[in-house]
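A look at the structure
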Amino acid sequence: MAWFSRDKASLQQGEGEKRVRTEGLWLKCRQCGQIVWRKALEDNHQVCPKCGHHERLDARARLTLLFDDGKFEEFDQSLVSTDPLKFVDSKKYQDRLAASQEATHLRDAIISAGGNLNGRRVHICAMELKFVGGSMGTVVGEVITRAIERSLAQNVPLIIISASGGARMQEGAVSLMQMAKISGALMRLDEARIPYISVLTDPTTGGVTASFAMLGDLNIAEPGAQIGFAGPRVIEQTIRQKLPAGFQTSEFLLQHGFLDAVVKRAELKDYIAKALDFFLVAASIPAS
Ligand SMILES: [Zn+2]
């Protein structure tokens, strides 16, 4: 009887150790429901190796993926929101900002960076969805505008990677003004014939879709990303019609002419490099 108890205890202890060791090593894919090794998912840049589902990727990981050797310099890191409306909803806006800053180690929902992409100097802005839903307030607007002006001054192509719930409601009309400010700056980039590539990732909605995300010389998206202006529920309630299946996915938008391409994450860097080669050769030929 004593032997049995001891065996049982060690077995329990063994199972406990096993549980502790394997905890967090495996993840369930949101798309196919299969169990995937966390390391395999990381090595594959958060794309499910079983079904190809593109899981969300944070801003820093995106920049590391696109820049040569994962190396880049960061700009305008000191800009912070002043909470112009002293806004309070279920929480103080200041508290939301503080929580997001702590969680992401960023000052706001974007990283603006410069470096090389397949040997060519580029500027890339990557939005961070985990920071107040990747929303665009004054800081995001100003960081993007400065990146555009930097591209203009240095004649360097610009890439913006969107992941956003839209304009930041806690900054009211001031956040909406960013749409016009960024769009105006992009027009100057266009006039200077400097390429701008917009990459839309899951999700890109609201005022971001309604401004710079759809103003690229090329607008490309990752597979399966949700892209739209208003949410499907609001649209259904407004038009009182059932929406078609797959509405607001990258593939649906490509089919209906809203996007130029849907590109897999693994192919994104080479695709952008090729597109820039094409644009810059085209730009060197004088317009007749
Ligand atoms: Zn999967």
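Every chain is numbered independently, its residues counted from 1 as its sequence is written. Totals for whole chains, interfaces and linings use every residue, but because this is a predicted model, local features are given only for residues with pLDDT of at least 70 and side-chain atom pairs only at 80 or more, for both listing and counting. Side-chain calculation: all heavy atoms of the structure are included, whereas hydrogens and water are not.

1. Side note on the nonpolar core
Put simply, buried Ala, Val, Leu, Ile, Met, Phe, Trp, Tyr and Cys residues joined by side-chain atoms within 4.5 Å make one nonpolar core. The buried label goes to any residue with under 20% of its type's maximum accessible area, the exposed label to any with over 50%, and the partly exposed label to all in between, with areas taken from a 1.4 Å probe on protein chains only. Ranked by internal contacts, the top residues of the largest apolar core, which has 59 residues, are I124, I159, I197, F212 and I272. Between two residues, a contact is recorded if the distance between any of their heavy atoms is within 4.5 Å. What F212 contacts, discounting residues up to four positions off in sequence, is M127, M136, I144, I160, S162, I182, L186, Y196 and S198.

2. Regarding the sheet that holds strand β5 (residues 120-127)
Within a sheet, each strand pairs with its neighbour through backbone hydrogen bonds, oriented either parallel or antiparallel. A sheet is described by the order of its strands in space; here seven strands give the open sequence β3-β4-β5-β6-β7-β8-β9, paired in mixed fashion. The sheet is open, and its two edges are formed by β3 (73-75) and β9 (261-262), each paired on a single side. Two strands pair if DSSP finds at least two bridges between them. Strands here mean DSSP runs of E at least two residues long; helices mean DSSP runs of H or I at least four residues long; both are numbered from the N terminus. In the sheet, strand β6 (residues 158-164) pairs with strand β7 (residues 196-204) via six bridges, with the strands oriented parallel. Residue pairing across strands places L158 opposite Y196, the latter belonging to β7. All axes are obtained by fitting lines to C-alpha atoms, using only the stretch in contact for helices, and the reported angles, taken between N-to-C directions, cover 0 to 180 degrees. In this fold helix α3 (residues 59-66) packs onto β3, β4 (110-117), β5, β6 and β7, with an angle of close to 10° to the strand it touches most, β4. Lying over the sheet, helix α5 (residues 138-154) contacts β3, β4, β5 and β6, oriented at roughly 170° with respect to β5.

3. Details of α5
Helix span, as expected, comes to 1.5 Å for every residue beyond the first. In this model, α5 (17 residues) spans 24 Å end to end at C-alpha, consistent with the 24 Å of a helix rising 1.5 Å per residue. Here α5 has its buried residues at V139, V140, G141, V143, I144, T145, A147, I148, R150 and S151. Where α5 is buried, its residues meet β3, β4, β5, β6 and α6 (172-191). Looking at the residues trailing α5, positive phi occurs at N155, about 55°.

4. What about a nonpolar patch on the surface?
Together, L25, W26, I35 and W37 line one region of the surface with nonpolar side chains, adding up to about 430 Å² of accessible area. Along the chain, W37 falls in strand β2 (residues 35-37). Taking the relative accessible area as the measure of exposure, W37 reaches 44% and is therefore partly exposed. Only residues whose relative accessible area exceeds 30% and that take part in no salt bridge are eligible for patches, with like-charged residues grouped when within 9 Å of each other and nonpolar side chains (Val, Leu, Ile, Met, Phe, Trp, Tyr) grouped when within 5 Å. Accessible areas in this description were obtained via Shrake-Rupley with a 1.4 Å probe; residue shielding takes into account the shown protein chains only. In the sections that follow, a salt bridge refers to a side-chain nitrogen of Lys or Arg positioned within 4 Å of a carboxyl oxygen of Asp or Glu.

5. Details of unusual backbone geometry
Note that the residue after D202, namely P203, is joined by a cis bond; omega there is -10°. Checked against the element boundaries, P203 lands in strand β7. Even without a glycine there, the phi angle at N118 is positive, about 45°.

6. Describing the confidence of the model for the protein
Looking at any residue, its pLDDT shows the predictor's confidence there, from 0 to 100. Looking at the protein as a whole, its pLDDT mean stands at 91, while 90% of the residues score no less than 70. Considering only residues more than four positions removed or in separate chains, one finds that residues 1-18, a stretch of pLDDT under 50, has zero contacts.

7. Some words on the coordination of the zinc ion
Reference geometry at the metal: tetrahedral coordination by four donors gives ideal angles of 109.5 degrees; octahedral coordination by six donors gives 90 or 180 degrees. Each metal site lists N, O and S donors within 2.8 Å (3.2 Å for Na, K and Ca). With water left out of the atoms, a site can look as if it is missing ligands. Here the zinc ion is held by C29 (SG), C32 (SG), C48 (SG) and C51 (SG), and the distances to it run 2.3 to 2.4 Å. Here the zinc ion binds four donor atoms, and the angle range of 104 to 116° at the metal identifies the geometry as tetrahedral. Each donor residue of the zinc ion belongs to the same chain, and together they define the spacing C-x2-C-x15-C-x2-C. Of this pair, C29 sits in the loop between β1 (26-28) and β2 while C48 sits in the loop between α2 (38-43) and α3, and the two are 19 residues apart along the sequence. In this structure C29 comes out as buried when scored by relative accessible area, which is 11%. Think of it this way: with four donors and all angles in the 85 to 135 degree range, the site is tetrahedral; with four or six donors, opposite ones beyond 155 degrees and the rest between 65 and 115, it is square planar or octahedral; otherwise it is irregular.

8. Here's the deal with the side chain of H54
Within the secondary structure layout, H54 lies in the loop between α2 and α3. Classification of H54 by relative accessible area gives buried; the value is 10%. Under the rule applied, a polar contact is a pair of N or O atoms within 3.5 Å (in protein, one hydrogen donor and one hydrogen acceptor; residues adjacent in sequence only if both atoms are side-chain atoms). Looking at H54, its side chain comes within polar contact range of the main-chain oxygen of G52, at 2.9 Å. Among the polar contacts listed, one links the side chain of H54 to the backbone nitrogen of R265, at a separation of 3.0 Å.

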